[in-house]
Amino acid sequence: GGATNDPTASSPTKKIVRNGYMAMLAVKTTHRNTGIGTTLAKRAIKRMKYKYKCKSVSLETEVTNKKAMRLYEQRLGFVREELLVRYYLNWGDAYRLRLWF
């Protein structure tokens, strides 16, 4: 016996954990409050969960964007993970939100 460099030798297998990310979600002002944002977010989340087998989805949103915060936290179940100070180019703060499956 002894050490081997044989790649076929038994070794612990690594499990890949996928985490989804929503970079941008915007609804034209004239179409807000119609459920489009909720529907778009739910479809993206569903695809990340079932098609890509993600264990969570994360995103960032401005601290001052109360409507987005209400959508993500109250309607979709995201939780605040981190406060990102001066995250945006306008020096605005953001919350990183995550939805765990």
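Here the structure is shown first, and the text comes after it.
Described below are features of the structure shown in this document. (Residues numbered from 1 in each chain as written. Predicted model: local features only at pLDDT ≥ 70, side-chain atom pairs only at ≥ 80, totals over all residues. Heavy atoms only, no water.)

The subject of this paragraph is the sheet that holds strand S1 (residues 18-21). Read from one edge to the other, the open sheet built from 4 strands follows the order S1-S2-S4-S3, with strand pairing classed as mixed. Two strands bound the open sheet, and with one partner strand each, they are S1 and strand S3 (79-84). Along the sheet, successive strands turn relative to each other by an average axial angle of 25 degrees, direction set aside. In the sheet, strand S2 (residues 54-62) pairs with strand S4 (residues 94-100) via 7 bridges, with the strands oriented antiparallel. Considered in S4, the bridge of Ser-56 is made with Trp-100. Contacts from helix H1 (residues 36-51) reach S1, S2 and S4, with the element oriented near 150 degrees to S2. (Pairing = 2+ DSSP bridges. Helix = DSSP H or I, 4+ residues; strand = E, 2+ residues; numbered from the N terminus. Axes fitted to C-alpha atoms, helices over the stretch in contact; angles between N-to-C directions. Contact = heavy atoms within 4.5 Å.)

In this section: helix H2 (residues 66-75). Buried within H2 are the following residues: Ala-68, Met-69, Leu-71 and Tyr-72. For H2, the angular spread of buried residues about the axis comes to 160 degrees, placing them on one side. In H2, the exposed residues that point more than 90 degrees away from the buried face are Lys-66, Lys-67, Gln-74 and Arg-75. Buried-residue contacts for H2 involve H1, S2, S3 and S4. Downstream of H2 by a residue or two, Gly-77 has a phi angle that is positive, lying close to 90 degrees. (Buried < 20%, exposed > 50% of the residue type's maximum accessible area, 1.4 Å probe, protein only. Arc of directions from axis to C-beta.)

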